[in-house]
Every structure is written in structure tokens, then in C-alpha cells.
Amino acid sequence: MARFIIRRTMWMFLVLLVVSAVTFILEHSVPGGPFDQEKALPPEIIANLNERYHLDEPLPQQYIRFLNDVLVPHLSTIPPGNSLQDSAVFNIKISDGRWLKWMNFGPSYASRSRTVNDIIRDQLPISAQLGVFALLVAMVVGMPLGILAGLRQNSVWDYLGMGVAVFGVSVPVIVLGPTLVWIFGVSLKWLPTNGWGAQPPYLLGFLPRELDANFIKHAAMPSVALGLGSSAIIARLTRASLLQVVREDYIRTARAKGLVERIVILRHAMKNSLIPVVTILGPLFAALVTGTFVTELIFGIPGMGKYFVTSITNRDYPVIMGTILLYAMFLVVANLAVDIVYAWLDPRIRYS
Amino acid sequence: MATQADVFEAGREPEFNEEARKGQSLWVDSYRRLIRNRAAVIGGALVIILVLMAIFAPLIAPKSFSEQVLTDNNKVPEWMFSIFPSMKGYANVSSDYLIGADYVGRDLLSRIIYGARVSLAVAFVGPIISMLVGVTYGSISGYFGGRLDDLMMRVVDVMYAFPSLLFIILLMAFFRSTLAKPDPGSFSYMLSDIDTKMGGMFFIFIGIGVTAWQNMARLTRGQVLSVREKEYVEAAHAIGARNYRVMTKHILPNIIGPLVVAETLAIPSYILTEAFLSFIGLGVNPPTPSWGAMISDGSRVVRSYPNQALFPAIALAITMFAFNFLGDGLRDALDPRLRGTR
């Protein structure tokens, strides 16, 4: 198992390296540069800006510079948080006035007073909260519906559950979002239609400290809008998997030896039927992660979402690279986590 | 799988249908199962209606989709007040527009009708591109196996790690850069010329094509691996058939069923990708109407003119329902494991 995790982690780094290279090539082959404006700047100024941000160097050299900034730790005498050029994710104090800095993703070209690290630090927790709560909605709605539908096949519950499932996959965020805004925000005036209800500092870096009414009011609609589609997928899969499991021999054995039905279902059927559901959590997480940014646009949430689109239209190379790498990292880590949980849930699976 | 148990659980004798004893082709059989599935029939009928609507849009649409009457902006018909009473008091009334006009005075209904063209074009072209690329890639990988297979699948793995929506956005920005225009005569000029003539759909097709084939490739590879060692493939090799022939004449026809089903089930996701792209402004070029772009425009004014967001949203939802129902029905009808059951 340890060997499997080590090998997968190394593979993960390789994947991220390839992703960064592809992103680098793509972003630089898009015509136009970060300093293009409606009213063109004088060429001398552009040349100066390019020199300042090392954009006048040949592309391979720029890529190596990027890798060097991100991967290689370096000593610095500038205190953390004070420099646009020398901001790093990890700042380790060695002695007075000397820091070991690691992972510098560079400054943002579009908002000149912030670095990629600043943007991620301020905006990511909000997106992460949205994603976590949407995942909670997906599981809290999806699993019970799927279990009920599976246990009472062809009953009202089954039809209800599968109705919700079809509804969930057919009504995407961009349909559900404005509809919810209109119903609960505009007509009933129950919930606010934009903004977010949590402020830093966060618990564990991203969770809101308290779930007060303000937070729940702001988070309710976006989480439901984003999570419902995933809950449909979870419900379908739970149902299908439960239907398959209850026909297995070990369930018959459990019943035959006189176990109470509740124990048969809870201990024998459910645990095994959750295995396929766990595998889908990886891709589901990916869908939620990319879904957050449309949800944020609809509900006016100040998360990472805005930066996906604006960084690309602004040719803000460091921010493009930062956001894409960040989300690619989420995806590969989520998939690794899924594989590990998978082996833990099903002892028959052994990685070598 | 446990179909036998199903029958016994219901306490019925297994029924032997006289017709079922006769030889039936897979397709006739599937078709019969499909039309017995009410949801699938409704879905199919809706798809046909949508296709007709898209084809005959110029005949159905009451007005032009692009003509702006700026003095009519945000006008709504009288009956709208009974659904959205909050609009009474500030909305201008005009009976010219059946479900209202948008923020520059274009007829919403006509735009929704024309918008079906984009969504349906994606619904049909998306699977074709994804099949062409994915099946070719997957069959080569699965058929030749070994190192080549390893290499090709690692490429797919890396593609998986790319957040696909971000990748499409990056590609879209790459394709239609706003500030730079390519020189006439160059290849990229030709491409953007095609794109302009198609109202911006061409690049969406390419974007979907680039990102959507991995699933198909994996599935195809798995299917090829499962039939590669079968006797009929060996027989084909034995009589001296070349690789290309074995792949296209012997392997492909035997694995195409599940691939078609998977592609049908993926159609809603293509429609969604286009809607998302248009929603964030990287989809079709204005004034070509797309439901995603209309929802985006509408959701900006959803507090004052909810009709502008809700009607295109309903159109998109109906289309998604239709394809989901049809896809589910097709899967149930074509899934060989369910053959001979209801």
C-alpha cells in the first residue's frame, strides 16, 4: 500500500508537470499579451513591462524560470507578505531577517497589487466552502434517496427517488440558479441573492468558524443549485449498487442465520453498496470544482470562479497557471484519495 | 443478472412469449423495448419536435432573432403579469412579443426557437467527433496493446487530470482572441472564417472534440481488450486479414452497441458544455442566439425581468430531459443483459 501511494504521488507530480507545460504552451500561443488594452500603450512602456516580468526572454527560459520559482526553495531577506516579486506559499523563518521561501507563483499582471498566492489565499476558501457544502447536499440528498429507492424497489419511494435523479441531471446549475434566485430571492424574499456570509480567519484554513444564520442564508441556494446534479448521480448509483448487493449470497446467509433485518441492511448491505459510490466521488468532486465557478457567477459569490475566465481573457499568465495547476492538483489528489478509501472499504482490493 | 429472481419475487410464473421464441434481430428487439418505455418515447418525441423546430426555425419564429428594436427593450405582454405580478408597475407592455423582448428589444421567443439550432447541433456533432477520435484512439490502443497501449493510456490519464472546462475555456480564448486578428490567407484565418460563418459553433465543436474523447477512448479500449482474444478474431487473423480489416470488420461491429449507448448518455453533457461556454461569454458569437447566453443575459436582470432568464432556462431543461429520457431508454433497450426481460 505504501509503495502504491508513493508511486501514485510521483505519477501525480509528473501529471502536474505535464499540465503546467501544456498550459504554458497554450497560454503563450494565444495571440495578444497581458498588457494589450483598447487604447494601446506606447511600445516603450510595453517593452519595459515585458522586461520587468521577464516576458522578453525566450519561452523555454521563461518556463524554466517558472519551474525554478515554484519548485526550488530559496533564501530571502524580504519578510513574507511584503513583496510582489518574492511572495511564496511556504515561508520558513531561519533566523532574524532570513526566510526560506518555497513555491512562488508570481505576481498577477491584471491586479498589480496582488500575487497569485494572495488571490488563492483570499478566494479559494470561499470556493472550497461552496464545494464542500454542495458535496454535503449531494450526499445528504442523494444517499438516503438512493437507499430508499433501492430497498423499496418499484415503490413510491423508488419512483420519487428516480424522479429526483432525472430532475437533477436534467436541470443544470445555470437553469436551477436563476430559478432559485427568482423564487426564493425575488418573489419570497427569504434569501439574499448575492454575496457570501463567512469572513476569515477560517477553521483549518477554509471552514467557516461558526455556522450562523447569515452564513447558512447565503450558502443555502448556491449549495443546493450546485449539489443537486451530483445528488442525482449519487442516488442512481446507490440504488443500482444496493439492488445488486441485496441479491448477493452473503445477504442471504445473514438473513438465514436469523439476523435482524436492520443489521442485515446496515452492516452487510450498505457498507458494500457504498463502494461504487466512493469511486464516483472523485469525478463528482471534479464536476463540483468546475461547477463552482458558474455558481459563483450566478450568485455573486467572491470566490475563485471569476479568476478562471478573467485571467484567461486578460492573458494574466501567472494567474492562469496558478488556477489551472490548483484545480488539476485537486483532481489528482481526489482521485488518489478515492483509490485509498476504495482499498480500505473493500479488503479484496489490493494495490501492488 | 438476477432477472429470474425478479420474476419469482413477484410471485408470477415466468411468461413465455410466443414471439420471443422466433429469431429476432437485436435491433428489432431493442426497438420494441424502446417504444414500450413511455419516458423514452416522450423523450424521443420531444427530440424530434426540437429538431423540427431547429430546422424550420425561420418558418416558426414570429420575428427575426437579431433585429433590435431599442424602443421595445424589456417589453412584456399583458399575460406575463399574472405569472410575475412583481413586474406590474414598471414593465412596459407590448402585445407584439409573445413572451417578451430582451434588453435590446429582440423577440425572446424567436431567439429561443433559433437557439435550438446551436444546442441540437452540439447534441449531434459532439458525439460524432468524440466517437471518431475516441473510438479510433481506443481501438488502436487496445488492439496493439503493449508499450503503445501504456503510452496512449498515460496520455489519456494526463488529459483526465486537466480540468476539462478550464481546458475548453483556454482553448476558446486561444481560438478567438479578442484583440488580435490573424492575417488573411493564413490557416488560422481560414479557421476563424469558417467559425464566423457558422456563428461561432465551429470552435465549440473543436473544443468539445478535444476534451470529450477520453471517456470514449477508455471505454473502447476496454471493449476491444474483451473481444481481442475471441475465436472469431483469431479466425480472421488466420485467414490472413490485415489489422485494419480485423479492427473495422470484426471487432468494431461487436463492440459498437455499448459505445453508442455511452455516447447517447453523454449528449446532455455536450449540450451543457455549450450552454456553460455561452453563459460565460465564450460560446457562440452574438447575435447568434444560444440558450446559455440568453440565460446569462437574463440572470443579470432576473430581479426585474424574470421572464428573460426563465424561458430559455425552461427550453434548456426540456431539451436536457428529452435527451436524458431517450438516453436512458436506449440504454435499457440495447443493454444485452436485459434482453428477453421487460
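Because the structure is a prediction, the values reported are computed rather than measured.

**Side note on the overall build of chain B**
Step number 1: A tally of helices and strands in chain B yields 15 helices and 0 strands.
Step number 2: In chain B, buried positions account for 40% of the 342 residues.
Step number 3: Intrachain contacts of chain B at a sequence separation of at least 6 include 74% that bridge at least 24 residues.

**Regarding the overall build of chain A**
Step number 1: When helices and strands are tallied, chain A shows 11 helices and 3 strands.
Step number 2: Along chain A, helices (α) and strands (β) appear in the sequence α-α-α-β-β-β-α-α-α-α-α-α-α-α when read from the amino end.
Step number 3: For chain A, the spread of C-alpha atoms along the three principal axes comes to 80 × 55 × 40 Å.
Step number 4: The burial tally for chain A puts 38% of its 352 residues in the buried class.
Step number 5: Sequence separation of at least 24 residues holds for 71% of the intrachain contacts in chain A that already meet a minimum separation of 6.

**Observations concerning the pairing of strand 3 (residues 98-102) of chain A**
Residue and element names in this part refer to chain A.
Step number 1: Here strand 3 shows a buried face lined by W99 and K101 and an unburied face lined by R98, L100 and W102.
Step number 2: Where strand 1 (residues 74-76) and strand 3 come together, 3 bridges link them in antiparallel fashion. Looking across to strand 3, one finds that H74 is bridged to K101.
Step number 3: In terms of strand pairing, strand 2 (residues 90-95) meets strand 3 through 5 bridges, oriented antiparallel. Along strand 3, the bridge assignment pairs K93 with W99.
Step number 4: As consecutive antiparallel partners, strand 2 and strand 3 are separated by 2 residues, and within that stretch G97 has a phi angle of approximately 75°, a positive value.

**Structural notes on unusual backbone geometry**
Step number 1: If you check the backbone angles, H54 of chain A has positive phi at about 60° while not being a glycine.
Step number 2: Position of H54 of chain A relative to the elements: it lies in the loop between helix 2 (43-52) and helix 3 (59-71).

**As for the nonpolar core**
Step number 1: In this structure, I174 of chain A together with I169, I271 and F276 of chain B are the most contacted members of the largest nonpolar core, which totals 145 residues.
Step number 2: Top contributing element to this core by residue count: helix 15 (residues 307-334) of chain B, with 15 residues.
Step number 3: Apart from residues no more than four positions distant in its own chain, I271 of chain B is found in contact with S119, V122, A123, T319, M320 and F323 of chain B.
Step number 4: I147, L242, I265 and A269 of chain A belong to the second largest nonpolar core, which has 6 residues in total.

**Examining the confidence of the model for chain B**
Residues and elements named next belong to chain B.
Step number 1: Mean pLDDT over chain B: 79, with 85% of residues reaching 70 or higher.
Step number 2: Ranking the elements of chain B by mean pLDDT puts helix 1 (residues 3-9) last with 47 and helix 4 (residues 38-55) first with 90.
Step number 3: Segment residues 1-11: pLDDT under 50, and 6 contacts once partners within four positions in sequence are set aside and those in other chains are kept.
Step number 4: A low-confidence stretch, residues 338-342 (pLDDT under 50), is modelled with 4 contacts involving residues beyond four sequence positions or located in other chains.

**Some details on the interface of chain A and chain B**
How big an interface is tends to be stated in terms of the accessible area lost upon association of its parts.
Step number 1: At the junction of the two partners, chain A supplies 41 residues and chain B supplies 37 residues.
Step number 2: Looking at the side of chain A that touches chain B residue by residue, the classes come out as 29 nonpolar, 9 polar and 3 charged.

**Some points on the environment of R152 of chain A**
Residue and element names in this part refer to chain A.
Step number 1: With respect to the helices, strands and loops of the structure, R152 is situated in the loop between helix 4 (116-151) and helix 5 (156-170).
Step number 2: With 171 residues separating them along the chain, R152 and T323 place their C-alpha atoms 45 Å apart.
Step number 3: Dropping the residues within four chain positions of it, R152 is found in contact with W157 and D158.

**Looking at helix 1 (residues 2-29) of chain A**
Step number 1: Here helix 1 of chain A contains 28 residues, and its C-alpha end-to-end distance of 41 Å stays within 8% of the 40 Å for a straight helix at 1.5 Å per residue.
Step number 2: What helix 1 of chain A keeps buried is the set V15, V19, T23, F24 and E27 of chain A.

**Some thoughts on the packing of helix 4 of chain A against helix 7 (residues 213-245) of chain A**
Residues and elements named next belong to chain A.
Step number 1: Between helix 4 and helix 7, the shortest axis-to-axis distance is 5 Å and the interhelical angle comes to 35°. Taken as a pair, helix 4 and helix 7 cross one another with a handedness that is right-handed.
Step number 2: Within the contact of helix 4 with helix 7, the residues separate by chemical class into 23 nonpolar, 8 polar and 2 charged.

**So, the sheet that holds strand 1 of chain A**
Residues and elements named next belong to chain A.
Step number 1: Taking strand neighbours across the sheet as the criterion, the 3 strands line up as 1-3-2 in an open arrangement whose pairing is antiparallel. If you trace the sheet from one side to the other, it starts and ends with strand 1 and strand 2, each paired once. Neighbour-to-neighbour, the strand axes of the sheet open up by a mean angle of 35°, direction not taken into account.

**Here's the deal with the packing of helix 4 of chain A against helix 11 (residues 317-345) of chain A**
All names here are of chain A.
Step number 1: Between helix 4 and helix 11, whose axes approach to 9 Å, the crossing angle comes to 45°. On the basis of the axis angle, helix 4 is oblique to helix 11. Once helix 4 is placed against helix 11, the crossing between them reads as right-handed. Residue-level contacts link V116, I119 and I120 of helix 4 to P318, V319, G322 and L326 of helix 11.

**A word on the environment of A101 of chain B**
Residues and elements named next belong to chain B.
Step number 1: Its place among the elements puts A101 in the loop between helix 6 (80-83) and helix 7 (108-144).
Step number 2: Note on A101: 29 C-beta atoms within 10 Å, which makes it buried.
Step number 3: Between the alpha carbons of A101 and V260 there is a distance of 40 Å; along the sequence they are 159 residues apart.
Step number 4: Setting aside residues no more than four positions away along its own chain, A101 makes contact with D72, N73, N74, K75, R106, D107 and L108.

Analysis parameters
- Residues numbered from 1 in each chain as written.
- Chains lettered and ligands numbered in written order.
- Predicted model: local features only at pLDDT ≥ 70, side-chain atom pairs only at ≥ 80, totals over all residues.
- Helix = DSSP H or I, 4+ residues; strand = E, 2+ residues; numbered from the N terminus.
- Buried ≥ 20, exposed ≤ 12 C-beta atoms within 10 Å, placed from the backbone.
- Contact = placed C-beta atoms within 7 Å.
- Pairing = 2+ DSSP bridges.
- Core = buried A, V, L, I, M, F, W, Y, C linked by C-beta atoms within 7 Å.
- pLDDT = per-residue confidence, 0-100.
- Nonpolar A, V, L, I, M, F, W, Y, C, P; charged D, E, K, R; others polar.
- Expected span 1.5 Å × (residues − 1).
- Axes fitted to C-alpha atoms, helices over the stretch in contact; angles between N-to-C directions.
- Left-handed = near helix turned anticlockwise from the far one by under 90°.
- Parallel < 35°, antiparallel > 145°, perpendicular 65-115°, else oblique.

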